[in-house]
Amino acid sequence: MKVAVYPGTFDPLTLGHVDIIRRGAHLVDKLVVGVTTNPSKEPMFSVAERLEMVRREIAEIPGNIDVVEFDSLLMEFAEEQGATAILRGLRAVADFEYEFQMAGMNQQLNDDIETVFLMADVSLQPIASKLVKEIARYGGSIDKFVPSAVAEDVRRHLGAGSR
Ligand code: ADP
């Protein structure tokens, strides 16, 4: 069984992420979406909220998809999950250098696990969680960038005063 891990912070989950998950689930027998706790990024949503958000939004996507929290080294998590590939999404050139470096270092840690890059639908490529949060904080509409229930989650969060 071919297993791949798609790791990320998903703070919040965007339509770009959903598209990569859909494409990834097509490619492998099982896709494990790894949600990092990532406290260094001071996420807007707790890991429990992000897990619930991802699970809710991928419910309709065909394929065998697990959503799992992880707090360890990515390669250790991938090994634990029995994965032979790490899936990453590439947006603009700006992503390339960081992703290139990370893939290179991960290869040194475990050469049996391949990093695979996918591109989202062209219309979804500019979307980034960080910008979604910025737009929402200034009262802009994020409905084109995230699933509608996620837009509600973000608005509720900001309304609750967690700016
Ligand atoms: P991280 O904190 O690891 O960057 P993110 O949640 O921001 O996690 O993103 C997870 C993965 O999804 C990364 O590989 C990122 O490049 C990819 N990604 C995010 N947004 C998009 C998008 N709009 N199109 C394609 N890939 C994306």
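The text that follows walks through the structure, step by step, so that each part is easy to find. (Residues numbered from 1 in each chain as written. Predicted model: local features only at pLDDT ≥ 70, side-chain atom pairs only at ≥ 80, totals over all residues. Heavy atoms only, no water.)

### As for the layout of surface pockets
Where we set the bar: Here the term cavity refers to a set of points on a 1 Å grid, laid over the protein atoms alone, in which a 1.4 Å probe fits but cannot get out; the term pocket refers to an open set having protein on both sides within 12 Å along at least five of seven lines, with lining residues being those that place an atom within 4 Å of a point. Grid points are joined across faces, edges and corners, and a volume is the space filled by probe spheres set on the points. In this text, helices come from DSSP runs of H or I with a minimum length of four residues, and strands from runs of E with a minimum of two, each type numbered from the N-terminal end. Under the scheme applied, nonpolar residues are Ala, Val, Leu, Ile, Met, Phe, Trp, Tyr, Cys and Pro; charged residues are Asp, Glu, Lys and Arg; polar residues are all the others, including Gly.
Computed from the structure, the largest pocket encloses a volume of approximately 1,200 Å³. Forming the walls of the largest pocket are 43 residues, and the residues nearest its centre are Gly8, Thr9, Lys41, Arg88 and Arg91. Put simply, the parts of the chain that give the lining of the largest pocket at least two residues each are strand E1 (3-8), helix H1 (15-27), strand E4 (85-90), helix H4 (93-109) and helix H5 (129-137). Ranked by residues supplied to the lining of the largest pocket, first place goes to H4 with six residues. Taken together, the residues of the lining of the largest pocket sort by class into 17 nonpolar, 14 polar and twelve charged.

### Quick notes on the side chain of threonine 14
Note the threshold: For this analysis, residues touch if any pair of their heavy atoms sits within 4.5 Å.
Within the element layout of this structure, threonine 14 appears in the loop between E1 and H1. The residues touching threonine 14, leaving out its near neighbours within four places in the chain, are Ile127, Ala128, Ser129, Val132, Phe145, Val146 and Pro147.

### Concerning the site of the ligand
Note the following rule: The rule for a residue being near a molecule or strand is that one of its heavy atoms must lie within 4 Å of it. What qualifies as a polar contact is a pair of N or O atoms within 3.5 Å, subject to a donor-acceptor requirement within protein and to the restriction that residues adjacent in sequence count only when both atoms come from side chains. More than half of a molecule's atoms lying within 2 Å of a cavity's or pocket's grid points is what places that molecule inside it.
Neighbouring the ligand are 18 residues, the closest being Tyr6, Thr9, Lys41, Gly89 and Leu124. Taking lysine 41, its side chain carries an N or O atom lying 2.5 Å from an oxygen atom of the ligand. Within the backbone of isoleucine 127, one N or O atom sits 2.9 Å away from a nitrogen atom of the ligand. Here the ligand occupies the largest pocket. For the shell around the ligand, the secondary structure elements donating two or more residues are E1, H1, E4 and H4. For the shell around the ligand, a count of residues per class yields seven nonpolar, six polar and five charged.

### Quick word on a negative patch on the surface
Definition in use: Each patch groups residues whose relative accessible area exceeds 30% and which form no salt bridge, using 9 Å between like charges and 5 Å between nonpolar side chains of Val, Leu, Ile, Met, Phe, Trp and Tyr. Only the protein chains shown count as cover for residues, with accessible areas throughout obtained via the Shrake-Rupley method and a probe of 1.4 Å. Salt bridges are defined as contacts in which a side-chain nitrogen from Lys or Arg sits within 4 Å of a carboxyl oxygen from Asp or Glu. Neither His nor the chain ends is counted toward charge; the positive residues are Lys and Arg and the negative residues Asp and Glu. Note on charges: their place is set at NZ of Lys, CZ of Arg, CG of Asp or CD of Glu.
Residues Glu76, Glu79, Glu80, Asp111, Asp112 and Glu114 make up a contiguous surface patch of negative charge. Topologically, glutamate 76 is positioned in helix H3 (residues 74-80).

### Some remarks on the packing of aromatic side chains
Here is the rule we go by: Within 6.5 Å between ring centres, the rings of Phe, Tyr and Trp (the latter by its six-membered ring) count as paired, and their orientation is classed by plane angle as stacked under 30 degrees, edge-to-face over 60, tilted in between. Note on exposure labels: buried denotes an accessible area under 20% of the residue type's maximum, exposed denotes more than 50%, and partly exposed covers the range between, all computed with a 1.4 Å probe on protein chains only.
The tally for this structure, following the rule as stated, stands at three aromatic pairs. Their ring planes at 65 degrees and their centres at 5.4 Å tell us that tyrosine 6 and phenylalanine 10 sit as a pair that is edge-to-face. The exposure classification of tyrosine 6 matches that of phenylalanine 10, with both residues buried.

### With respect to the nonpolar core
Heads up, the rule is: Side-chain atoms within 4.5 Å are what join buried Ala, Val, Leu, Ile, Met, Phe, Trp, Tyr and Cys residues into a set we call a nonpolar core.
The biggest cluster of nonpolar side chains holds 36 residues, and the ones touching the most others in it are Ile21, Leu31, Val33, Val35, Val54 and Val154. Sort the elements by how many residues they give to this core and helix H2 (residues 47-58) lands first, with five residues. Not counting the four nearest positions on each side in its chain, valine 154 is found in contact with Pro12, Met44, Phe45, Ala136 and Ile142. Counting eleven residues, the second largest nonpolar core, distinct from the first, contains Val5, Phe70, Met75 and Phe77.

Taken by themselves, the reported measurements are silent on function.
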